[in-house]
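An overview of the molecular structure
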Amino acid sequence: MRQYGGVEVIAYETGGLMLTLYHLRISHFCEKARWALDYKGLEYTSRLLTPGFHIATARRLAGTRSVPILVDSDSDQVIPDSTEILHYLDHIRPDPPLFPRDAVAATTVAEVEDVLDSEWAPNASAFAYCCMIQSPEELRQRWAEGLRWHQRLALGLAMPLLVPAMRRGRRLTPDMMPGYREAALAALGRINERLATGETEFLVGNEFTAADLAAGALIAPFLNIPGSPWATEGTVPEQMSTFREEVVDSAAGRHAAAIWAAHRH
Ligand SMILES: N[C@@H](CCC(=O)N[C@@H](CS)C(=O)NCC(=O)O)C(=O)O
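Residues numbered from 1 in each chain as written. Predicted model: local features only at pLDDT ≥ 70, side-chain atom pairs only at ≥ 80, totals over all residues.

With that out of the way, let us pick up the sheet that holds strand E6 (residues 77-80). If you walk across this open sheet you meet the four strands as E4-E3-E5-E6, and the pairing is mixed. Unpaired on one side and paired on the other, strand E4 (45-48) and E6 mark the two borders of the sheet. Ignoring strand direction, the axes of neighbouring strands in this sheet form an average angle of 15°. In this sheet, strand E5 (residues 69-72) lies alongside strand E3 (residues 19-23) in antiparallel orientation, the contact comprising four bridges. Following the sheet pairing, Leu19 is matched in E5 by Asp72. Across the face of the sheet, helix H1 (residues 28-39) comes into contact with E3 and E5 while running at roughly 155° to E3. (Pairing = 2+ DSSP bridges. Helix = DSSP H or I, 4+ residues; strand = E, 2+ residues; numbered from the N terminus. Axes fitted to C-alpha atoms, helices over the stretch in contact; angles between N-to-C directions. Contact = placed C-beta atoms within 7 Å.)

Here it is as structure tokens:
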């Protein structure tokens, strides 16, 4: 058994690969990595982390503060960042590809993925957290899903510190919401434009690529898809339901829903 930054990595051997994914359940960036691993048919050990405490694990493993992080104990590689993970998986399991072999198409995929990663996802997430953080107990319940008893206990104890730290650190205050919303919808508009000019069901070319996977994973949290980690029953704050409606009614939202239905098994 090998050690990474003091953390024991217990991995199953799968065709010579020993992969462990450190992730959070309701994180859309983590969904990108989970989906890519499933798409490649790769088995992996799942290390579900406790929100808040995941930052310390990320620091120990990769010197970063965010997840997902993939550890390949076969090659002693630690890969932080969802996009890097997708590239790494293409490297170790080329088929089916996530990035086209054609260089021009691969550049376009990377550009579309970047709009989703850097413009849509952080703003949409900040907007959603501005809403959720107004009800810390509901947020705790959502975060607690899938965690083990000691993780739930730690989360419950940490919540009174976590909530104000997130409000300050990630600027999750009501006055910031219009800016996050506008930036997220502008990014969505760029994806809509791309879909309007496309001739196939995919964002780039006529094959499923990392661009479609990123759209599916990063937009799905706003589509309330039954069975997804983000499905909620009951009412959500009005600002959130209006935002969700705009996403659901957009070409990008419809694309993400179709991609999820067809490709997220
Ligand atoms: N660019 C990174 C972003 C990952 C990210 O923002 N992860 C969030 C969870 S959704 C996180 O761990 N945030 C902790 C922090 O940044 O403090 C990726 O693609 O993996």
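Another point: the domain arrangement of the protein. Domain annotation of the protein identifies domain 1 (3-92), domain 2 (103-133 + 173-263) and domain 3 (139-171). On the side of domain 3, ten residues touch domain 1, which itself brings seven residues to the contact. Of the residues in the side of domain 1 that touches domain 3, the class split is four nonpolar, two polar and one charged. (Domains from an automatic or database assignment. Nonpolar A, V, L, I, M, F, W, Y, C, P; charged D, E, K, R; others polar.)

A word on the site of the ligand. As a matter of local geometry, the ligand sits amid 13 residues, with Ser27, Phe29, Ser66, Asp81 and Ser82 nearest to it. Taken together, the residues that form the shell around the ligand break down as five nonpolar, five polar and three charged. (Near = placed C-beta within 6 Å.)

Another point: unusual backbone geometry. In the segment running from Val67 into Pro68, the intervening peptide bond is cis, with an omega of 15°. Tracing the backbone shows Pro68 in the loop between helix H2 (54-62) and E5. The omega angle of the peptide bond from Asp95 to Pro96 is -5°, so this bond is cis rather than trans. Within the element layout of this structure, Pro96 appears in the loop between helix H3 (82-92) and helix H4 (103-132). A positive phi is found at Asp81, a non-glycine position, where the angle reads about 90°. For Asp81, the location among the structural elements is in the loop between E6 and H3. With 20 C-beta atoms packed within 10 Å, Asp81 lands in the buried category. (Buried ≥ 20, exposed ≤ 12 C-beta atoms within 10 Å, placed from the backbone.)

Before going further, it helps to spend a moment on the nonpolar core. Residues Ala36, Ile69, Leu116, Trp120 and Ala215 are the most contacted members of the largest nonpolar core, which totals 59 residues. Ranked by residue count, the leading element in this core is H4, at ten residues. Each of domain 1 (3-92) and domain 2 (103-133 + 173-263) contributes no fewer than three residues to this core. Ignoring sequence-local partners within four residues, the contact set of Ala36 consists of Ile85, Leu86, Leu89, Leu98 and Leu213. (Core = buried A, V, L, I, M, F, W, Y, C linked by C-beta atoms within 7 Å.)

Turning our attention to the packing of helix H7 (residues 177-197) against helix H10 (residues 251-263). Each packed pair of helices is defined by two parameters, the angle between the axes and the distance between the axes. The geometry of H7 relative to H10 is characterised by a closest axis approach of 8 Å and an angle of 75° between their N-to-C directions. On the basis of the axis angle, H7 is roughly perpendicular to H10. When H7 is examined against H10, the residues Leu188, Ile191, Asn192, Leu195 and Ala196 are found in contact with a partner set consisting of Ala251, Ala252 and His255. Counted by class, the contact of H7 with H10 contains six nonpolar, two polar and no charged residues. (Parallel < 35°, antiparallel > 145°, perpendicular 65-115°, else oblique.)

One ladder, built from four bridges, connects E5 with E6; its direction is antiparallel. Considered in E6, the bridge of Leu70 is made with Ile79. Counted between consecutive antiparallel strands, the loop separating E5 from E6 contains four residues, among which Asp76 sits at a positive phi close to 60°.

With that out of the way, let us pick up the environment of Ile225. Its location among the elements puts Ile225 in the loop between helix H8 (210-219) and helix H9 (238-248). Sequence-wise, Ile225 and Pro94 are 131 residues apart; in three dimensions their C-alpha atoms are separated by 30 Å. The contact partners of Ile225, leaving out residues within four places of it in the chain, are Ala220, Ala231, Ala257 and Trp260.

For the rest of this paragraph, the subject is the pairing of E3. On a regular strand, each side chain points to the face opposite its neighbour's, so the side chains alternate between the two faces of the sheet. With respect to burial, E3 is a largely interior element, five of its five residues being buried. Burial along E3 is two-sided: the face carrying Leu19, Leu21 and His23 and the face carrying Thr20 and Tyr22 are both buried. Bridge count for E3 against E4 is four bridges, and the pairing is parallel. Of the residues in E4, the one forming a bridge with Thr20 is Thr45.

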